[in-house]
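Per-entry structural report
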Amino acid sequence: MTPRFSPDGHSIVFVRERGEDSDILVIDLSTRRPRVLADASQYDLDPAVSPDGRAVVFESSPSGYAQLHLVPSGGGPIEPISEILHGWATFPAWAPDGGTIVYSCGRPSYETADLCLISPSGRFRGLLGEASQSQEIEPDWSNDGAAVAFVSDRAGNADIYLIDVDNGRITRLTDESSHDADPAWSPDDRTI
């Protein structure tokens with residue numbers, strides 16, 4: 001689940017779930033052979049490849065709370081980069097310049113979450129927008145870096161929203177009774 005192309009389009013990172021265990025795998029599209037990239041805990045989820053293709057950020061729960069971790073895209077040591085006490089960090093997405101990661105940060109329950117920013121080295125950079133009592137999840141950065149699409153239940157149902165990175169202005173994109181989820185930008189930023 002949650003497949004993501006590498007920037008060069010030659011491989012895909014994804015989550016393989018077997019029973020109660022999920023791991024991060026990568027598959028080279030020329031060989032079609034998957035290999036385990038990360039097995040940090042029982043729950044390794046939501047991989048995202050850095051814009052330069054060198055690293056993969058993902059969430060894992062070795063301490064019971066989902067936190068962000070980095071692993072080199074070729075494999076190697078796994079580094080935790082978030083340390084949220086009494087909360088969790090999930091659904092990471094890289095800024096196009098690779099200098100910032102947006103993610104969903106919950107404190108302490110999953111029902112209330114904001115969009116937070118962190119550097120790849122683990123320096124917390126604050127909230128994207130303002131704190132809310134809603135669930136703000138599944139962010140995806142536009143290719144020009146100007147906006148982030150995300151899912152929120154701020155109006156009572158899960159819909160897709162945009163937040164302007166510079167001024168924090170939020171625009172609602174969908175208004176349906178169905179559960180809208182997993183926004184992803186087209187390469188030209190014209191559609192989500």
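No experiment lies behind these values; they were computed from the predicted model shown. (Residues numbered from 1 in each chain as written. Predicted model: local features only at pLDDT ≥ 70, side-chain atom pairs only at ≥ 80, totals over all residues. Heavy atoms only, no water.)

Things to note about the overall build of the chain
Looking only at helices and strands, one finds 0 helices and 16 strands in the chain. Taken over the C-alpha trace, the chain has a radius of gyration of 16 Å; the compact-globule value for 192 residues is 16 Å, and the two agree within 12%. Projected onto its principal axes, the C-alpha positions of the chain cover 45 × 40 × 35 Å. A buried classification covers 47% of the 192 residues belonging to the chain. For the chain, contacts bridging at least 24 residues in sequence account for 27% of all contacts bridging at least 6. Of the roughly 9900 Å² that the chain leaves accessible, carbon and sulfur atoms contribute 49%. (Helix = DSSP H or I, 4+ residues; strand = E, 2+ residues; numbered from the N terminus. Rg over C-alpha atoms; globule rule 2.2 N^0.38 Å. Buried < 20%, exposed > 50% of the residue type's maximum accessible area, 1.4 Å probe, protein only. Contact = heavy atoms within 4.5 Å. Areas by Shrake-Rupley, 256 points an atom, 1.4 Å probe, with all protein chains shown as cover.)

Description of the nonpolar core
A general feature of soluble globular proteins is that nonpolar side chains tend to end up buried together. Val57, Leu68, Leu70, Ile81, Trp94, Ile101 and Tyr103 are the most contacted members of the largest nonpolar core, which has 14 residues in total. Tallying contributions element by element places strand E10 (residues 101-106) first for this core, with 3 residues. With residues up to four places along the chain from it excluded, the contact list for tryptophan 94 reads Ala48, Val49, Ser50, Pro51, Ala55, Val57, Leu70, Thr100, Ile101, Pro120 and Trp141. Membership of the second largest hydrophobic core comes to 11 residues, among which are Ala95, Leu115, Trp141 and Val148. (Core = buried A, V, L, I, M, F, W, Y, C linked by side-chain atoms within 4.5 Å.)

A word on the sheet that holds strand E14 (residues 147-152)
Taken in spatial order, the 4 strands line up as E13-E14-E15-E16 in an open sheet, and their pairing is antiparallel. The open sheet has two edge strands, strand E13 (136-141) and strand E16 (170-172), and neither has a second partner. The mean inter-strand angle of the sheet, taken between neighbouring strand axes irrespective of direction, is 30°. With 3 bridges joining them, strand E15 (residues 159-164) and E16 adopt antiparallel strand pairing. By the bridge assignment, tyrosine 161 is partnered in E16 with arginine 172. (Pairing = 2+ DSSP bridges. Axes fitted to C-alpha atoms, helices over the stretch in contact; angles between N-to-C directions.)

Examining the pairing of strand E2 (residues 11-18)
Examined bridge by bridge, strand E1 (residues 4-5) and E2 share 2 bridges and lie antiparallel to one another. Counterpart to phenylalanine 5 in the pairing with E2 is isoleucine 12. Where E1 hands over to E2, the hairpin turn is made up of 5 residues, of which glycine 9 adopts a positive phi near 75°. With 8 bridges joining them, E2 and strand E3 (residues 21-28) adopt antiparallel strand pairing. Opposite valine 15, over in E3, you have isoleucine 24 as the bridge partner.

Quick look at the environment of threonine 2
By the element assignment, threonine 2 lies in the segment before E1. Using a relative accessible area of 24% as the deciding quantity, one classes threonine 2 as partly exposed. Each C-alpha atom of the pair threonine 2 and alanine 95 lies 18 Å from the other, and the pair is 93 residues apart in sequence.

Looking at the side chain of histidine 69
You can see histidine 69 is positioned in strand E7 (residues 67-72). Reaching out from histidine 69, the side chain makes a polar contact with the backbone oxygen of glutamine 67 at a distance of 3.1 Å. (Polar contact = N/O pair within 3.5 Å; in protein donor to acceptor, adjacent residues only side chain to side chain.)

Here's the deal with the side chain of serine 134
Tracing the sequence through the fold places serine 134 in the loop between strand E12 (124-127) and E13. Taking relative accessible area as the criterion, serine 134 reaches 8% and is therefore assigned buried. Of note is the side chain of serine 134, whose polar atom sits 2.9 Å from the side chain of serine 132. Polar side-chain contacts of serine 134 include one of 2.3 Å to the side chain of glutamate 136. Beyond its immediate stretch of four places on either side in the chain, serine 134 contacts Glu111, Thr112, Ala113, Ser152, Asp153 and Arg154.

Some details on the environment of isoleucine 170
With respect to the helices and strands, the residue isoleucine 170 is situated in strand E16. A relative accessible area of 32% means that isoleucine 170 is categorised as partly exposed. It is 9.6 Å that separates the C-alpha atoms of isoleucine 170 and alanine 149, two residues lying 21 residues apart in sequence.

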